[in-house]
Amino acid sequence: MNNFEFYNPTKILFGKGEIAKLKNELPKEAKILVLYGGGSIKKNGIYEQVTEALSHFEWMEFGGIPPNPEYQILVKALEVIKKENITYLLAVGGGSVIDGTKFLSSAALFEGEEPWDILKNKIRTEKGMPFGTILTLPATGSEMNSGAVVTNTETNEKLGMGGPGLFPQFSILDPSVVSSIPERQIANGLADSFTHVLEQYMTYPVDAILQDRFAESILSAILETAPKIMDNPSDYKTASNFMWNCTMALNGLIQKGVPTDWAIHAMGHELTAFYGIDHARTLAILTKSHYTYNLETKQEKLAQCAERVFGITEGDEKEKAEQCIEAIEEFFLSIGISTTLSSYTDEFEGTAQKIAKRFTERGWLAIGELGKLTPEHVEKIVEMSY
Ligand code: NZQ
Ligand code: ZN
């Protein structure tokens, strides 16, 4: 097992009716900015629950944060934070609203001229404006981690940021919110959380028995939950499992002491930046080609996953690894997610070259768990996913 430090200060309030406890989590003297997306919270009763819980607080709101939160919109919220002397942020939404709020938490205390530099220059956020979240869409794990991804529509870039100052102080996870989520977003949540576990597991063995078993348990739990939640998002028991699976998939726990990959995410963000493809779907497009291309270095873990998660017993190690890749693809297809780039855009020619060029320009010359994937390798992997 590799050395590690583990720090996660986010308090989780989980279950039906927990949104009412919001009032106990906020500082009494806070001046709060409530941030939300395109308005789903005003149709499903979440907004009313939040405003009820905020009745004795001083607060304002900023809506309209779009999926893949846009820098150009977030800077407008930043102006409000500064002008109104806001001291506390409350995100009510999915990964996009929470990530947008993390950006604002960092940007509110940033002393430089241009807040985009936080992303462009990979500036870690040691301290941000305090914030909490009310999760409305299980998927990203952003509610219990310290990372965020922000899109710049002027440069067509989607970049990550993070740091110990960006953990939510608390996150309220009420699985009842799942009932109003459209099927497409439920499928996205399943595929995203599944791939989060894969990125932290499908590398090479380091004798981390517990981390492997944790990861395999989460993968199995997602597979077990998937058909049920696709069939009926209003089933509270299933929604509870769906929600907690997604949080546990990316709250930092399973990646401690083990190598992690994240190449699928790095390449996937480019597909969103270029074509606006939903984050989770970009992952489904790239997973098969990434694992097939890197079969040799990932074979042992792929075979282990085949046996322990998919119950595949036939064949030698390589054959089991190949069957695992097929089984992962079948899972994506089973929840209605296409796994080739050409099924999302007709303009896929040249994509691999464009992505490789960007990675070269940014100095991303050696990604993946072994630090050996060069832009040339990236080009081949993306090309295989057309
Ligand atoms: O904007 P509204 O109207 O609220 O509608 C949203 C949005 O259209 C809707 N929605 C959310 N909750 C709902 C609901 N509709 C009905 N009922 C509800 N209860 O769902 C749509 C998608 O929301 P979004 O927040 O964009 O989805 P998701 O949670 O999948 O977040 C995706 C973003 O998170 C980033 C992605 O790159 C992408 O930008 N990620 C963040 C990570 C992190 N911070 O750790 C890790 C991930 O790998 C990912 O990169
Ligand atoms: Zn993801």
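All residue numbers refer to position in the chain's written sequence, counted from 1. Key to labels: chains lettered from A, ligands numbered from 1, both in the order written. Side-chain atom pairs in this predicted model are given and counted only at pLDDT of 80 or more, local residue features only at pLDDT of at least 70, and totals for whole chains, interfaces and linings cover all residues. Only heavy atoms go into the side-chain values, all of them from the structure, while hydrogens and water stay out.

Caption draft 1: Molecular detail of the coordination of the zinc ion (ligand 2). Note that water is not among the atoms used; donors are N, O and S atoms within 2.8 Å of the metal (3.2 Å for Na, K and Ca), so sites may look incomplete. Here the zinc ion (ligand 2) is held by Asp192 (OD), His196 (NE2), His265 (NE2) and His279 (NE2), and the distances to it run 2.0 to 2.1 Å. Sequence spacing of the donors to the zinc ion (ligand 2): D-x3-H-x68-H-x13-H. Of this pair, histidine 196 sits in helix α6 (residues 183-201) while histidine 279 sits in helix α10 (residues 279-293); the two residues are 83 residues apart in sequence, bridging distant segments of the chain. Comparing histidine 196 with histidine 279 shows no difference in burial state: the two are buried. The secondary structure listing takes helices from DSSP runs of H or I that are at least 4 residues long and strands from runs of E that are at least 2 residues long, numbered from the N terminus. Only protein chains enter the accessibility calculation, which uses a 1.4 Å probe; a residue whose area is less than 20% of its type maximum is buried, one above 50% is exposed, and one in between is partly exposed.

Caption draft 2: Examining the site of ligand 1 more closely. Near, as used in this document, describes a residue that has one of its heavy atoms within 4 Å of the molecule or strand being considered. Close to ligand 1 lie 33 residues, the nearest being Gly38, Ser40, Gly95, Ser96 and Lys158. In protein, a polar contact requires one atom able to donate a hydrogen and another able to accept it; more generally it is a pair of N or O atoms within 3.5 Å, and residues adjacent in sequence count only if both atoms are side-chain atoms. Within the side chain of threonine 136, a nitrogen or oxygen atom sits 2.8 Å from a nitrogen atom of ligand 1. Contact between ligand 1 and valine 177: a nitrogen atom at 3.4 Å from a main-chain N or O atom of the residue. With the chains in place, 89% of the 960 Å² that ligand 1 exposes on its own is no longer accessible. Where the shell around ligand 1 is concerned, the elements lending two or more residues are α4 (95-108), β6 (147-152), α6 and α9 (263-275). Only the protein chains shown count as cover for residues, and all accessible areas are computed by the Shrake-Rupley method using a 1.4 Å probe.

Caption draft 3: Expanded view of the domain arrangement of the protein. Considered domain by domain, the protein is made up of domain 1 (11-177) and domain 2 (183-384). Where each domain starts and ends follows an automatic or database-derived domain assignment. When each unit is reduced to the centre of its C-alpha atoms, the spacing between domain 1 and domain 2 is 26 Å. Whether two residues are in contact is decided by their heavy atoms, any of which lying within 4.5 Å being enough. Between domain 1 and domain 2, the contact holds 26 residues from the first and 22 residues from the second. Of the roughly 2,100 Å² buried where domain 1 meets domain 2, counting both sides, 64% is carbon and sulfur surface. By buried area we mean the combined loss of accessible area, with a 1.4 Å probe, across both parts when two parts are placed together.

Caption draft 4: Up close: the packing of aromatic side chains. Centre distance within 6.5 Å is the pairing criterion for rings of Phe, Tyr and Trp, where only the six-membered ring of Trp is used; planes under 30 degrees apart are then read as stacked, over 60 as edge-to-face, and the remainder as tilted. Scanning the entire structure with this criterion turns up 11 aromatic pairs. Relative to phenylalanine 331, the ring of phenylalanine 194 lies with its centre 4.7 Å away and its plane at 40°, an arrangement referred to as tilted. Here phenylalanine 194 is found in helix α6, whereas its partner phenylalanine 331 is found in helix α12 (residues 317-334), with 137 residues between them in sequence. The class of phenylalanine 331 is buried, set by a relative accessible area of 5%. Taken together, the aromatic side chains of Tyr71, Phe103 and Trp116 make up a single cluster linked through ring pairs. Put simply, a charge is over a ring when the Lys NZ or the Arg CZ is close to the ring centre, within 6 Å, and near the line of the ring normal, within 35 degrees. A cation over an aromatic ring shows up here: arginine 362 above the ring of tryptophan 364, its NZ or CZ 4.6 Å from the ring centre.

Caption draft 5: Layout of helix α8 (residues 236-249). For α8, which comprises 14 residues, the first-to-last C-alpha distance of 20 Å matches the rise-based estimate of 20 Å (1.5 Å per residue) to within 8%. For α8, every residue scored as buried is listed here: Thr238, Ala239, Ser240, Phe242, Met243, Asn245, Cys246, Thr247, Met248 and Ala249. Summarising the contacts, the buried residues of α8 are in contact with β1 (11-14), β5 (131-135), β8 (170-173), α6 and α7 (209-231). Take the residue count of a helix, subtract one, and multiply by 1.5 Å to get its expected span.

Caption draft 6: Summary view of the nonpolar core. With 116 residues, the main nonpolar core has Leu22, Leu90, Phe103 and Leu190 as its most contacted residues. At 8 residues, the largest contribution of residues to this core is made by α6. Both domain 1 (11-177) and domain 2 (183-384) contribute no fewer than three residues apiece to this core. Ignoring any residue separated from it by four or fewer positions in sequence, one finds leucine 22 in contact with Val50, Ala53, Leu54, Leu90, Ile134, Phe170 and Ile172. Among buried residues, the Ala, Val, Leu, Ile, Met, Phe, Trp, Tyr and Cys ones that are joined through side-chain atoms within 4.5 Å form a nonpolar core.

Caption draft 7: Expanded view of the packing of α9 against α10. Each axis is a line fitted through C-alpha atoms, and for a helix only the stretch in contact is used; angles between axes span 0 to 180 degrees, taken between their N-to-C directions. Their axes nearest at 8 Å, the elements α9 and α10 cross at an angle of 130°. Of the possible angle classes, the one that applies to α9 and α10 is oblique. Once α9 is placed against α10, the crossing between them reads as right-handed. Here Ala263, Ile264, His265, Met267, Gly268, His269, Leu271 and Thr272 of α9 come into contact with α10, specifically with His279, Thr282, Leu283, Ile285, Leu286, Thr287, His290 and Tyr291. Just so you know the grouping, Ala, Val, Leu, Ile, Met, Phe, Trp, Tyr, Cys and Pro go in nonpolar, Asp, Glu, Lys and Arg go in charged, and all remaining residues, Gly too, go in polar. Broken down by class, the residue content of the contact of α9 with α10 amounts to 8 nonpolar, 8 polar and no charged. Roughly parallel covers angles under 35 degrees, roughly antiparallel covers those over 145, roughly perpendicular covers 65 to 115, and oblique covers all other angles. Crossing handedness is defined as follows: a turn of the near helix away from the far one that is anticlockwise and smaller than a right angle gives a left-handed crossing, while the clockwise case is right-handed.

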